[in-house]
Amino acid sequence: MMPRVLIVFVFFVFKFFTLLLYIFSSSDSPHNLLESFSSSSSSRYDVIVDDNTLTTDGLQEGLRKLTEPTANTSAEVKLILLTYMRSGSSFTGDLFNHHPDVFYVYEPLYPVKWFFSRGEPATFLSREPVSPRDVPTHVLQNHVISSYLNCSLHALYLRALTYFGLTFGQKTRSFHRCLDARPGLAPPVHSTILGCLPLLQSSCATSRAVVLKVVRFTMDLVDGFLRNDPKVKVIHLLRDPRATLRSQRAKGMFRKEDIPAVSSRFCRNVLTDARRADRLAAEFPGRVTLARYEDLTDEPIRMSETLFEFVGLRTRDDGLLHEYIWNLTSAGLPDNSLSFTQRRNSKETAEVWRRRLDLESSRVIDDNCGAVYRRLGYLPLLTESDLKNVSVPSYVPFKDFFPPNSGLGNG
């Protein structure tokens, strides 16, 4: 009896490692990576997860399915939420994150900046590692964005497949928990990732929309995604530069004496992106739009519905999404509400920078960001009294700045 069991066991082990050998033997060489990463992913991948997926046999079957291209697994809508550090992107992204039809990924380019751009080679499940000396950073960025938008997760840069940001997504969290429950990510087999990957693949493939919150990208790089895939849409999320820069400085991203140089560079980049977004919106009608964080905090339910409509998502009929947004923003809660301490007042949070930014820094930003103010409807605050008094407006209201049917300015 025992020899027969042993033979069966050896047979399945042999099949498993033969399949792995096939995958790694078909890897792209570093010389071909630039071309393969730069092109938009056209393959689609489908995985059906069942109770046996994480068993030994299920792992082999799941791996087989991950390497079989199919035609119908990409989302109906693929959204890039493009913004900047400390610009209200976590709040805005969370609105999409809690929509039941959305597969949401939090800052997928974080590992590229903190590892690859600092010299660490990029590793993969099914191709040779690549060095930053061989592949420009923006090429790996495009690879990560394309892999997530197309649910081609088997091909993904491993740091972007295992980083902490996946704990924030409603539909990515179970995959990250699976990794934590199965320690042992040592190459070359990566059996832990292979065992858990079907959970992530299935969540992505069965969602109507894929939404990526991206803060380390430019509108020029978005151009190729719009051109190559008619399902891609872009929301350019912006916030008052004074609020963004004050928050960045509070996080230690630069010193106070660097505000002149930093604000000049930041607003130059924002203006470049905004102008490029205008050109892309004209070229791709209905696929590129602008949103101000302040408008979301003023009218979170109405503005979130506007954004959902732009993406092509319906608000849930059961009212749960409205209830979540209502609670998230503390809308309508009385001052003595016991729940208030657990809920953020979005309007109050959006204005807190005015109490913490000094007038000198505010004036420097005014001088360097005047073109951005005029383009996006922000107003200079010329005195200490005006800066600290939140009843003095710091921006033109949405209904006055964006005319009816403007599509948030661009769409």
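Before any of the text, the structure's been laid out above.
Residues numbered from 1 in each chain as written. Predicted model: local features only at pLDDT ≥ 70, side-chain atom pairs only at ≥ 80, totals over all residues. Heavy atoms only, no water.

## Considering the state of the cysteines
Counted by the stated rule, this structure contains three disulfides. At a sulfur-sulfur separation of 2.0 Å, the disulfide partner of Cys 151 is Cys 204. On the sign convention where negative means left-handed, the S-S torsion of about -80° between Cys 151 and Cys 204 marks this disulfide as left-handed. Of this pair, Cys 151 sits in the loop between α6 (137-149) and α7 (158-162) while Cys 204 sits in helix α9 (residues 191-205); the two residues are 53 residues apart in sequence, bridging distant segments of the chain. As far as the burial class goes, Cys 151 and Cys 204 line up, both buried. There is a disulfide in this structure between Cys 267 and Cys 369, and the S-S distance comes to 2.0 Å. On the S-S bond that ties Cys 267 to Cys 369, the torsion sits near 90°, and the link is right-handed. On the criterion of sequence distance, the pair formed by Cys 267 in helix α12 (residues 259-283) and Cys 369 in the loop between α18 (359-368) and α19 (370-376) is long-range, its members being 102 residues apart. For Cys 369, a relative accessible area of 0% gives the class buried. (Disulfide = S-S within 2.5 Å. Helix = DSSP H or I, 4+ residues; strand = E, 2+ residues; numbered from the N terminus. Buried < 20%, exposed > 50% of the residue type's maximum accessible area, 1.4 Å probe, protein only.)

## Notes on the pattern of salt bridges
Per the stated rule, a full pass over the model turns up 20 salt bridges. Residue Asp 258 pairs with Arg 255 through a salt bridge whose shortest N-O separation is 3.1 Å. Looking at Asp 258, the relative accessible area reads 23%, which means it is partly exposed. We classify Arg 255 as exposed; its relative accessible area is 52%. For Asp 295, the salt bridge identified is with Arg 292, shortest N-O distance 2.8 Å. When sorted by exposure, Asp 295 lands in the same class as Arg 292, which is buried. Via salt bridges that share partners, Asp 220, Asp 223, Arg 227, Arg 276 and Glu 283 belong to a single interconnected network. (Salt bridge = Lys/Arg side-chain N within 4 Å of Asp/Glu carboxyl O.)

## Some points on the sheet that holds strand β3 (residues 77-82)
The strands that make up a sheet pair up through hydrogen bonds in the backbone, lying either parallel or antiparallel. The five strands are arranged β4-β5-β3-β6-β7 in an open sheet whose pairing can be described as parallel. Strands with a single pairing partner mark the edges of an open sheet, and in this sheet they are β4 (102-106) and β7 (288-292). On average, adjacent strands in this sheet sit at an angle of 20° to one another, irrespective of strand direction. Relative to strand β5 (residues 209-214), β3 runs parallel, the two being bridged by six bridges. Paired with Lys 78 across the two strands is Val 210, which belongs to β5. Along the sheet, helix α4 (residues 89-97) contacts β3, β4, β5 and β6 (232-238); its crossing angle with β4, the most-contacted strand, is approximately 155°. (Pairing = 2+ DSSP bridges. Axes fitted to C-alpha atoms, helices over the stretch in contact; angles between N-to-C directions. Contact = heavy atoms within 4.5 Å.)

## Some remarks on the nonpolar core
Judged by nonpolar contacts, the single largest core of 70 residues is most densely connected at Ile 80, Ile 145, Tyr 148, Tyr 157 and Leu 161. Per-element tally for this core: the top contributor is α12, with nine residues. Discounting residues that sit within four places of it in the chain, Leu 161 has contacts with Tyr 148, Leu 153, Leu 156, Leu 166, Phe 175, Leu 179, Ile 193, Leu 197 and Leu 200. Within the second largest apolar cluster, 24 residues are counted, among which are Tyr 104, Tyr 293, Phe 310 and Leu 313. (Core = buried A, V, L, I, M, F, W, Y, C linked by side-chain atoms within 4.5 Å.)

## Examining the packing of aromatic side chains
In the structure shown here, the tally under the stated rule is 10 aromatic pairs. Ring pairing ties together the aromatic residues Tyr 106, Tyr 110, Trp 114, Tyr 163, Phe 164 and Phe 168, which thus form one cluster. Over the face of the ring belonging to Phe 124 we find Arg 127, whose NZ or CZ atom lies 5.4 Å from the ring centre. The ring of Tyr 378 carries the charged tip of Arg 292 above its face, separated from the ring centre by 5.8 Å. (Phe/Tyr/Trp six-rings, centres within 6.5 Å; stacked < 30°, edge-to-face > 60°. Lys NZ or Arg CZ within 6 Å of the ring centre and 35° of its normal.)

## A few points about the packing of helix α10 (residues 219-228) against α12
Remark: α10 packs on α12, axes separated minimally by 9 Å, with the N-to-C direction vectors making an angle of 15°. Classified by the interaxial angle, the pair formed by α10 and α12 is roughly parallel. By crossing handedness, the relation of α10 to α12 is classed as right-handed. Residue-level contacts link Met 219, Asp 220, Asp 223, Leu 226 and Arg 227 of α10 to Asp 273, Arg 276, Ala 277, Leu 280 and Glu 283 of α12. For the contact of α10 with α12, the per-class residue count stands at four nonpolar, no polar and six charged. (Parallel < 35°, antiparallel > 145°, perpendicular 65-115°, else oblique. Left-handed = near helix turned anticlockwise from the far one by under 90°. Nonpolar A, V, L, I, M, F, W, Y, C, P; charged D, E, K, R; others polar.)

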